[in-house]
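Report on the structure
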Amino acid sequence: MSNQLQDTFSFRYTLFKVEARIAQGMLLSKMGLKTIIVPLADVVHIYIDDGRDRDHVEMIVCYRNRKGRLRRAKLFSEPNEAGFEALKDALLAERPELDISHLDRLDAYRMM
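Residue positions within a chain follow its written sequence, with the count starting from 1. The model is predicted, so local features are restricted to residues of pLDDT at least 70 and side-chain atom pairs to those at 80 or more, both for listing and for counting; the totals for chains, interfaces and linings are taken over all residues. To obtain the side-chain values, all non-hydrogen atoms of the structure were included, while hydrogens and water were left out.

Sheet strands pair by backbone hydrogen bonding; their relative direction is either parallel or antiparallel. Strand order in the open sheet formed by three strands is β5-β6-β7, with antiparallel pairing between adjacent strands. Among the strands making up the open sheet, the edge pair consists of β5 (43-49) and β7 (70-77). Direction aside, neighbouring strands of the sheet carry axes that sit 15 degrees apart on average. Where strand β6 (residues 57-64) lies against β7, eight bridges are found, and the strand directions are antiparallel. Following the sheet pairing, Val61 is matched in β7 by Ala73. In this analysis, two residues are considered to be in contact whenever any of their non-hydrogen atoms come within 4.5 Å of each other. Every angle, taken between N-to-C directions, lies between 0 and 180 degrees, and every axis is a line fitted to C-alpha atoms, over only the stretch in contact when it is a helix. The way it works is that DSSP assigns letters per residue, a run of H or I at least four long becomes a helix, a run of E at least two long becomes a strand, and they are numbered from the N terminus. Most of the contacts of helix α1 (residues 82-93) go to β6, to which it runs at about 30 degrees, and overall it touches β5, β6 and β7. In this description, strands pair whenever DSSP reports at least two bridges between them.

Printed below as a string of structure tokens:
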């Protein structure tokens, strides 16, 4: 992602309003008391789990921390939230190879 890119996305998950932002090469998200900060250059996979057996949609952003270990940041949304879809599209626009949503859940979790 370009360091010049800055976008803000809002969507709902249960009682919470989720705010997510892409700015200065970082993914920043706030839901209630939980804050997520992920350097976009360190992201290795993005998985969208919108299985029929769930009443929500989950985005798992898998990244390497400073020690090189894989970590997962999870964002949740109600189904069909435009802000969540826009965030997904923005994250994958420049690096579509990160998307592993075509895999089934078990295979994706093995990679992450």
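Non-glycine residue Gln24 carries a positive phi angle of around 50 degrees. Inspection of the secondary structure puts Gln24 in the loop between β2 (16-23) and β3 (26-31). The buried label applies to any residue whose accessible area, calculated with a 1.4 Å probe on protein chains only, is under 20% of its type's maximum; exposed applies above 50%, and partly exposed to all values in between. Residue Gln24 is classed as exposed on the basis of its relative accessible area of 68%. Despite not being glycine, Asn80 has its phi angle at roughly 65 degrees, a positive value. Summarising the element assignment, Asn80 is placed in the loop between β7 and α1. The exposure class of Asn80 is exposed, given its relative accessible area of 76%.

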